[in-house]
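Remarks on the overall topology
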Amino acid sequence: MNSLYAVSPLDGRYAGRTEPLREYASEAALMRARVRVEVEYLVALADLDATPLELAAADRDHLRSLYEEFDEDDADLVKRIETEGYRDYSATNHDVKAVEYFVRENLPEDTADASSWIHFALTSEDVNNLAYRLLVKGAVEDVLLPELGEIRDALGDLAREYADVPMLARTHGQPATPTTFGKEMAVFASRLGRAIGRVKEARDGLQGKLAGASGTYAAHVAAYPDVEWSAFAGEFVEGLGLERAPLTTQVNPCDDLAELFDALRGANNVLLDLDRDAWRYVSDRYLGQEVTEGETGSSTMPHKVNPIDFENSEGNLSKANSDLVFLGDYVTSSRLQRDLSDSTVKRNVGAAFAYCLLGYVKLQAGLGKVVPNEQVMREDLDDTPEIIGEAVQTILRREGHDDAYERVKDLTRGQRVTLEDFRDLFADLDVDEATREELLDLTPAGYTGVAGAMVESLGGE
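Residues numbered from 1 in each chain as written. Predicted model: local features only at pLDDT ≥ 70, side-chain atom pairs only at ≥ 80, totals over all residues. Heavy atoms only, no water.

Topic: the pattern of salt bridges
Tallied over the entire structure, the rule returns 29 salt bridges. Residues arginine 133 and aspartate 256 are paired through a salt bridge, measuring 2.8 Å at the closest nitrogen-oxygen approach. A residue pair is termed long-range when its members are at least 10 positions apart, and arginine 133 in helix H7 (residues 124–161) and aspartate 256 in helix H11 (residues 255–283) qualify at 123 residues. Of the two residues, arginine 133 and aspartate 256, neither departs from the other in class, the shared state being buried. Ionic pairing is found between glutamate 420 and arginine 423, a salt bridge with its closest N-O pair at 3.0 Å. Taken together, the residues glutamate 420 and arginine 423, both in helix H18 (residues 419–427) and three residues apart, mark about one turn of the helix. Look at arginine 423 and you get partly exposed, because its relative accessible area is 33%. (Salt bridge = Lys/Arg side-chain N within 4 Å of Asp/Glu carboxyl O. Helix = DSSP H or I, 4+ residues; strand = E, 2+ residues; numbered from the N terminus. Buried < 20%, exposed > 50% of the residue type's maximum accessible area, 1.4 Å probe, protein only.)

Examining the state of the cysteines
All chains considered together, the criterion is met by zero disulfides. With no disulfide of its own, cysteine 254 lies closest to cysteine 356 among cysteine sulfurs, the gap being 18 Å. Residue classification places cysteine 254 among the buried residues on the basis of a relative accessible area of 1%. Residue classification places cysteine 356 among the buried residues on the basis of a relative accessible area of 0%. (Disulfide = S-S within 2.5 Å.)

Remarks on the environment of serine 3
Topologically, serine 3 is positioned in the segment before helix H1 (15–18). Residue serine 3 is classed as partly exposed on the basis of its relative accessible area, which comes to 37%. Beyond its immediate sequence surroundings of up to four residues, serine 3 is in contact with Asp11 and Gly12. (Contact = heavy atoms within 4.5 Å.)

Focus: the packing of aromatic side chains
Under the definition given, this model contains 14 aromatic pairs. Both rings, one in tryptophan 229 and one in phenylalanine 232, keep their centres 5.2 Å apart while their planes meet at 80 degrees; by these two values the pair is edge-to-face. With tryptophan 229 and phenylalanine 232 both in helix H10 (residues 229–239), this residue pair falls three residues apart, about one helical turn. Given a relative accessible area of 3%, tryptophan 229 falls into the buried group. We classify phenylalanine 232 as buried; its relative accessible area is 11%. Where tyrosine 281 meets tyrosine 286, the ring centres are 6.2 Å apart and the plane angle is 15 degrees; that geometry is what we call stacked. Through pairs of rings, three or more aromatic residues link up here, namely Tyr41, Trp229, Phe232 and Phe236. (Phe/Tyr/Trp six-rings, centres within 6.5 Å; stacked < 30°, edge-to-face > 60°.)

Concerning the packing of H7 against helix H8 (residues 181–204)
At a closest axis distance of 8 Å, the pairing of H7 and H8 adopts a crossing angle of 165 degrees. On the basis of their axis angle, the class for H7 and H8 is roughly antiparallel. Seen along the crossing, H7 lies across H8 with a hand that is left-handed. For the pair formed by H7 and H8, the contact residues are Lys137, Val140, Glu141, Leu145, Leu148, Gly149, Ile151, Arg152, Leu155, Gly156, Leu158 and Ala159 on the first element and Gly182, Met185, Ala186, Phe188, Ala189, Leu192, Gly193, Ile196, Val199, Lys200 and Arg203 on the second. Here the residues of the contact of H7 with H8 sort into 14 nonpolar, four polar and five charged. (Axes fitted to C-alpha atoms, helices over the stretch in contact; angles between N-to-C directions. Parallel < 35°, antiparallel > 145°, perpendicular 65-115°, else oblique. Left-handed = near helix turned anticlockwise from the far one by under 90°. Nonpolar A, V, L, I, M, F, W, Y, C, P; charged D, E, K, R; others polar.)

Here we look at the confidence of the model for the protein chain
Here the protein chain shows a mean pLDDT of 92. Residues at 70 or above account for 95%. Throughout residues 296–304 the model reports pLDDT below 50, and contacts reaching past four residues in sequence, or to other chains, amount to three contacts. (pLDDT = per-residue confidence, 0-100.)

Notes on the side chain of aspartate 126
Here aspartate 126 is to be found in helix H7. You can call aspartate 126 buried: its relative accessible area is 0%. From its side chain, aspartate 126 meets the backbone nitrogen of glycine 212 in a polar contact 3.1 Å long. Apart from the residues within four sequence positions on either side, aspartate 126 is in contact with Lys209, Leu210, Ala211 and Gly212. (Polar contact = N/O pair within 3.5 Å; in protein donor to acceptor, adjacent residues only side chain to side chain.)

Structure follows, in structure tokens:
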């Protein structure tokens, strides 16, 4: 299909950037994951002493190739079984049943008797909940986390390179005690590092369910009452790289997914904060932007170089967070044992991840284009000498002047002052000469505390 006719920008304008998620978010990917669960479950049943099912090593290799080599033709066949029917099968109008029949159609020739063991005692949700978590875990692990790590590394590099470059800080949008550009980038790097840790923890805490129609192993026990099915399920789920959810209804309650969505939203919030600050830094000319040859910044104003990457990132991350909140709220509820309203909702997890990915890629592009303008930062500091007022009144308090705050406030609040105005104040102060010299040495650019040294707390991460 021509991407210009795509309904969603994810598969249209941004298709090239969201492509890494196709392996985890497409319908074909979901089919492949379902095949994996069905095949591995069949193999696990063959390993169970209680069942008469036997699968030779070659048969197991063949079965595993069904998902390891799952391709477009296989996906088309699964869809055909679901929607049109195939050979002796009528259209299932059931996507999981179609996968079951697909595996049955591809059994090794000498294992025809294994067909009755495919999907044995399972409900669709046993397959679906595991398949979705395999895809979600892979998408987070292989696509989203590496991008977040790249952003954190870029912030760390900026922090270390510009650790000692002084910059006017702003609180409430007003001039405030100076900082350094590197220290401000280090704050974002540190925040993002903690957020990444929460995402990893949620990823590692994903739980899978394999307990039958009402979460009681009833069909399993009816067939083989002497088997410890709970232990079997635990070993099977953990073999897929997930934790076992010990108590469920027919559905896996999805609290684990909600925790992951919330962790991603937390990381996105850090980056949204960064997008908006970077946008302001560009506006104040603290950050210059590399010009892309041939690019147009405005249809009418030829001079413009807009911070479009930060703006694009902000928009996509805001959309991602909206979707993540909705998903987290929705998938954790189900009427009684099961309802299907979440089935269509879960198909949109990939879209939420895609908006995350777009936000991350665009933010990286923005960070890669900006260069701190040290001269502008220095000029802004020199033009705002009132910011040393905090240092002045603090030193005077140390020397016992209980009216220090008031005197500096009278001089500076709401007024334009110069360093000469401060020097006039210092000349009238009843302080020893060493203190007077200390005050005279104060400059806006030099009043950054240990901001530069604080960057070292990032280490080499």
